[in-house]
Amino acid sequence: MQMDYTADMVLRLAQRHRNEKRGYLLVNPLQGKHMPVPPHAALDMMAALGRRVAAQHPEARLVIGFAETATAIGGIVAEEISPSCTYIQTTREKPADVSRWIEFMEEHSHAPEQRLAADALEEALARTDTVVFVDDEISTGRTLSNIVEQMKEELPALGEKRLVAASVLNRLTASDRERLLACGVECVALVELAPEDYEVRAAAFQTRGAADCRVPSRHYPYRTLALGEHATPRTGVAIGDYTILWQGAGLVLAERISWAKHESILVLGTEECMLPGLMVGRVLERKGWQNVFFHATTRSPIGISEEAGYPIEAGWQVKSFYGDERATYIYNLRPYHHAVIVSDTAHEAHEAVESIARALRESGCTDIVYLMSRDE
């Protein structure tokens, strides 16, 4: 039976830490980014949005997911439409084999610069009449309007396509919707929100910043399971092939561990790399592990508070897997028997693993596996 999702199920309010552009953050406890969630619960929510899009636009064969929080949502929406659907995500990284980018700004974000691989988009556009843009939340539509206009300048073929904006949360005003329609974009959402002043509500919380775990206080042992190179949504994948690849990684992991089925397991993604960890977590659940949870590191500094109802109760600043000088964060760690870090970095990132291992161990987890696969 298909679940009807409500705002109470998918919306918590947090305060951004020292962000002058926007003081609040809408935190989805089912999304698998800031709060731990059983993989099947996150995937069920994402698939519900995907089914809604597929019912209205079954002909779509190109889905674009917005980094970093919607990278998994976009992939699952694409999977629900068709395994042959091309899935491309926006990125803040720069894969070495991409020579032409479409760049745009997500103005309220802590890390506003984003880009899309132009050649991959051009190829995928030739194979579809409908393009679906996926984000976790559409608030004003300005970011989407910006990227659509820039894409049309770079890729005129986009102007001939039907354009769809899909999101878990939609809080567009009537004028926002008119602006998107003027760009040729229609909307599909899982939950529609009434207008509300989240800035005022968020400002009422008393919060602090994350603890600094960027420099390990000692050596924290972990095991590495290397999977080799793989295709990446940053340059486009056939979504069916991509999910099968990472389900295979989950099977490899399941064959090599001897953990008791009742023991708790955290599968931890890294920044834009969310869908691979969810695929691994889904395999572990299907293989009988009863207490599997997933979430991911993030570039968003969020205020931390123990106030009743506040969603972010603990946080650590850790080294990024993708840039030596970059700040990245992990929130709401709990004691787990085992942790599996799933990443798609271009290098081994030992210092980043050590940094996260420190945060995990300080939270009560002592057995850590690093599941590493590199972009092609």
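Heads up: these notes are all about the structure in this document.

The rules behind each value
Residues numbered from 1 in each chain as written. Predicted model: local features only at pLDDT ≥ 70, side-chain atom pairs only at ≥ 80, totals over all residues. Heavy atoms only, no water. Helix = DSSP H or I, 4+ residues; strand = E, 2+ residues; numbered from the N terminus. Rg over C-alpha atoms; globule rule 2.2 N^0.38 Å. Buried < 20%, exposed > 50% of the residue type's maximum accessible area, 1.4 Å probe, protein only. Contact = heavy atoms within 4.5 Å. Lys, Arg positive; Asp, Glu negative; His and termini not counted. Charge placed at Lys NZ, Arg CZ, Asp CG, Glu CD. Salt bridge = Lys/Arg side-chain N within 4 Å of Asp/Glu carboxyl O. Core = buried A, V, L, I, M, F, W, Y, C linked by side-chain atoms within 4.5 Å. Axes fitted to C-alpha atoms, helices over the stretch in contact; angles between N-to-C directions. Parallel < 35°, antiparallel > 145°, perpendicular 65-115°, else oblique. Left-handed = near helix turned anticlockwise from the far one by under 90°. Nonpolar A, V, L, I, M, F, W, Y, C, P; charged D, E, K, R; others polar.

On to the overall build of the chain, then. Looking only at helices and strands, the chain features 10 helices and 18 strands. The C-alpha atoms of the chain give a radius of gyration of 20 Å, which matches the 21 Å a tight globule of 376 residues would have. A burial count over the chain gives 62% of its 376 residues as buried. For the chain, contacts bridging at least 24 residues in sequence account for 74% of all contacts bridging at least 6. Here the chain holds 39 positive side-chain charges and 53 negative ones, and the gap between their average locations is 3 Å.

With that out of the way, let us pick up the pattern of salt bridges. Proximity of charged atoms lets side chains of opposite charge pair with each other. Summed over the entire model, instances satisfying the criterion amount to 19 salt bridges. The partner of Glu103 in a salt bridge is Arg115, and the shortest N-O contact between them spans 3.3 Å. You can see Glu103 sitting in strand β5 (residues 101-105) and its partner Arg115 sitting in strand β6 (residues 113-117), a full 12 residues away along the chain. Since its relative accessible area comes to 41%, Glu103 is described here as partly exposed. One salt bridge in this structure joins Arg208 and Glu306, with 2.9 Å as the shortest N-O distance. Taken together, the residues span a long stretch of sequence, with Arg208 in the loop between α7 (198-203) and β10 (211-212) and Glu306 in the loop between β14 (291-296) and β15 (315-319) at a distance of 98 residues. On the accessibility criterion, Arg208 (39% relative accessible area) is partly exposed. Residue classification places Glu306 among the exposed residues on the basis of a relative accessible area of 55%. What emerges from the salt-bridge pattern is a single network uniting Arg100, Asp119, Glu122 and Glu154.

This brings us to the nonpolar core. Ranked by size, the top nonpolar core spans 78 residues in total, and within it Val132 and Leu284 carry the most contacts. For this core, the element with the highest residue contribution is helix α2 (residues 39-56), accounting for 10 residues. Leaving out residues up to four positions away in the same chain, Val132 has contacts with Val53, Ala60, Leu62, Val63, Ile64, Ile81, Val164 and Ala166. Counting 30 residues, the second largest nonpolar core, distinct from the first, contains Phe66, Leu121, Leu125 and Leu163.

Turning our eyes to something else, we now look at the environment of Ala118. Relative to the elements of secondary structure, Ala118 occurs in helix α4 (residues 118-125). Considered as a pair, Ala118 and Ile102 are 16 residues apart in the sequence and their alpha carbons are 5.9 Å apart. With sequence-adjacent residues up to four places away left out, Ala118 is seen in contact with Arg100, Trp101, Ile102 and Leu155.

Right, let's talk about the side chain of Glu271 for a bit. Within the secondary structure layout, Glu271 lies in the loop between β13 (264-269) and α9 (275-286). When neighbours within four sequence positions are excluded, Glu271 is seen to be in contact with Lys33, Glu68, Glu93, Thr297, Arg299, Ser320, Phe321, Tyr322, Arg326 and Thr328.

One can describe the packing of helix α8 (residues 239-256) onto α9 by two numbers: an axis separation of 8 Å at closest approach and a directional angle of 50 degrees. By the angle between their directions, the pair α8 and α9 is classed as oblique. Handedness of the crossing formed by α8 with α9: right-handed. Taking contact as the criterion, the partners of Ile239, Tyr242, Thr243, Trp246, Gln247, Ala249, Gly250, Leu251, Leu253 and Ala254 in α8 are, on α9, Leu275, Pro276, Met279, Val280, Arg282, Val283 and Leu284. Grouping the amino acids of the contact of α8 with α9 by side-chain chemistry returns 13 nonpolar, 3 polar and 1 charged.

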